[in-house]
Amino acid sequence: WPAYAPLVHAINKLKVEKNAVVLAHNYMTPDIFALVGDYVGDSLGLAIEATKTDADIIIQGGVHFMAETSKILCPEKRVYIPSMRAGCSLASSITGADIQLIKQRYPGIPVVTYVNTSADVKAESDICCTSSNAVAIVEHIAAEWGVDKVIMLPDEFLAKNVARQTDVEIIAWHGRCEVHARFSAQDVRDMRAANPGVVVLAHPECPPEVVEESDFTGSTKAMSDYVGDHSPGKVILLTECSMSDNVAMANPTVDFVRPCNLCPHMKRITLENLYECLRDGTNEVLVPEPMREKAYDAVMRMINVKF
Ligand code: 13P
Ligand code: SF4
């Protein structure tokens, strides 16, 4: 009876009693990801699952902006996060007031906002995007508005990586993911030298020169799918550490090369505080109604784009 087993059992029991689901991001530790997550995936996948579930309660296994996105999409449900301290360097790089100033500076240019932002930022935006649909969303909104440029916030590196894949001009902000910004092109070259034949997958929040040195770039789900579909002998995932742990569980024949970088915000979510949150109903995530309605429009515009 391993130490975590009673907690897992208690969480799964409470989920049934309270009609609750756990939406777990790919960066959750394997105990949460594999043993208590009802839905696991990337930011887009979790947002779509939030719209589909008929549970009364959502426990967000992820960071605060993800819980806000669930609440924005499901105002009738109670949404909780196991730690209110689970933030994000991208979300804290920009405010709704910043967006208002940017819109004054570039009138008539649509604002595409990465979902890694607070509800007030989403509320000031024309459409959201995630790492899995960013290029398509940029092209969609530019065509819809009949313009050749868009504002894309707040991740500078995601914006630059998208700009390389489209003719639409991108006006970027200066936010960075503190996890992915730490990878360098030299890291990739060193890892390749030490691991001949290794396949390098990079998240698009990495600097463009890292993406350029890599074999594939995509969202956490796209990276996971790539490993499942191609079964490379040896792979490096240039992203948060729990990704390799979680993808490795499903791919026993693949060797995973580290290093990786830890996200301190994601790691604030533990089996223990997830249990307490579900048991006690603490850390409910709320979004004021007028703001929620505006943010809902931006998120739903993204979900409704068909590729
Ligand atoms: P995705 O899972 O959407 O690729 O997002 C990665 C990330 O950094 C979330 O915080
Ligand atoms: Fe934010 Fe980066 Fe952590 Fe994702 S990995 S929550 S983008 S700091």
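Being a predicted model, the structure only gives us computed values, none of them experimental.

For the protein chain, the count of helices and strands is 14 helices and twelve strands. Principal axes of the C-alpha set define a box for the protein chain whose edges measure 60 × 55 × 30 Å. Residues classed as buried in the protein chain amount to 48% of the 307 residues present. In the protein chain, once contacts between residues fewer than 6 apart in sequence are set aside, the share between residues at least 24 apart is 64%.

This part covers the nonpolar core. Of all hydrophobic cores here, the largest spans 94 residues; its most connected members are Val112, Val138, Val150 and Leu201. Residues contacting Val138, with those up to four places away along its chain left out, are Val112, Val150, Met152, Val162, Thr166, Val168 and Ile170.

Taken together, Asn26, Asp42, Ser43, Leu44, Asn116, Thr130, Ser131, Cys177, Glu205, Ser219 and Thr220 form the complete shell of residues around ligand 1. Residue composition of the shell around ligand 1, grouped by class: two nonpolar, seven polar and two charged.

So, on to the sheet that holds strand 2 (residues 39-41). Spatial ordering of the open sheet is given by 2-1-3-4, a layout of four strands whose pairing is parallel. In this open sheet, the two edge strands, each paired with only one partner strand, are strand 2 and strand 4 (78-80). Mean inter-strand twist for the sheet, computed between neighbouring axes without regard to direction, equals 20 degrees. In this sheet, strand 3 (residues 57-61) lies alongside strand 1 (residues 20-25) in parallel orientation, the contact comprising five bridges. Bridge assignment links Val22 to a residue of strand 3, and that residue is Ile59. Sheet contacts for helix 1 (residues 5-18): strand 1 and strand 3; angle to strand 1, the most-contacted strand, approximately 130 degrees. Contacts from helix 4 (residues 64-73) reach strand 1, strand 3 and strand 4 within the one sheet, and its direction differs from that of strand 3 by about 155 degrees.

Glancing now at the pairing of strand 8 (residues 169-172). Relative to strand 8, strand 7 (residues 149-153) is paired through four bridges, and the arrangement is parallel. Pairing of Met152 across the sheet is with Ala172, part of strand 8. Regarding the hand of the β-α-β motif, the stretch spanning strand 7, helix 8 (residues 156-163) and strand 8 is right-handed.

Moving on, we come to the confidence of the model for the protein chain. Scored by pLDDT, the protein chain has a mean of 97; 100% of the residues are at 70 or more. Among the scores for the predicted complex, ipTM is 0.98 and pTM is 0.97.

Let's shift gears to the site of ligand 2. Around ligand 2 lies a shell of 13 residues, among which Cys88, Ser89, Cys177, Val179 and Cys263 are the nearest. For the shell around ligand 2, the residue count by class is seven nonpolar, three polar and three charged.

Take helix 1 next. The terminal C-alpha atoms of helix 1, which comprises 14 residues, lie 20 Å apart, in line with the 20 Å expected from a rise of 1.5 Å per residue. Positive backbone phi, at 50 degrees, marks Asn19, one or two positions downstream of helix 1.

A word on the environment of Asp31. Here Asp31 shows up in helix 2 (residues 30-36). When the C-alpha positions of Asp31 and Asn246 are compared, they lie 9.4 Å apart, and in sequence the two are 215 residues distant. What Asp31 contacts, discounting residues up to four positions off in sequence, is Tyr4 and Leu271.

Note on placement: Cys74 falls in the loop between helix 4 and strand 4. Under the C-beta neighbour-count criterion, Cys74 is labelled partly exposed, with 18 such atoms within 10 Å. Expressed as a C-alpha distance, the spacing of Cys74 and Asp56, which sit 18 residues apart in the sequence, is 9.7 Å. With residues near it in sequence (within four places) discarded, Cys74 still touches Ala50, Ile58 and Val79.

It is worth spelling out the domain arrangement of the protein chain at this point. With domains assigned, the protein chain is organised as domain 1 (5-88 + 267-289), domain 2 (91-177) and domain 3 (180-262). Domain 1 and domain 2 are separated by 27 Å when their C-alpha centres are compared. Counting residues at the interface gives eleven residues for domain 1, matched by eleven residues for domain 2. Elements with a minimum of two residues in the side of domain 1 that touches domain 2: helix 3 (43-52) and helix 4. With four residues, helix 4 is the largest single contributor of residues to the side of domain 1 that touches domain 2. Considered class by class, the residues forming the side of domain 1 that touches domain 2 number six nonpolar, three polar and two charged.

Here the focus is the packing of helix 11 (residues 220-230) against helix 12 (residues 241-250). Closest axis-to-axis distance for the helix 11/helix 12 pair is 10 Å, and the angle between their directions is 35 degrees. Crossing of helix 11 over helix 12 shows right-handed handedness. Contacts between helix 11 and helix 12 pair Thr220, Met223, Ser224, Val227 and Gly228 from the former with Met243, Val247 and Ala250 from the latter.

The rules behind each value
- Residues numbered from 1 in each chain as written.
- Chains lettered and ligands numbered in written order.
- Predicted model: local features only at pLDDT ≥ 70, side-chain atom pairs only at ≥ 80, totals over all residues.
- Helix = DSSP H or I, 4+ residues; strand = E, 2+ residues; numbered from the N terminus.
- Buried ≥ 20, exposed ≤ 12 C-beta atoms within 10 Å, placed from the backbone.
- Contact = placed C-beta atoms within 7 Å.
- Core = buried A, V, L, I, M, F, W, Y, C linked by C-beta atoms within 7 Å.
- Near = placed C-beta within 6 Å.
- Nonpolar A, V, L, I, M, F, W, Y, C, P; charged D, E, K, R; others polar.
- Pairing = 2+ DSSP bridges.
- Axes fitted to C-alpha atoms, helices over the stretch in contact; angles between N-to-C directions.
- Right-handed = clockwise from strand over helix to strand, strands pointing away.
- pLDDT = per-residue confidence, 0-100.
- Expected span 1.5 Å × (residues − 1).
- Domains from an automatic or database assignment.
- Left-handed = near helix turned anticlockwise from the far one by under 90°.

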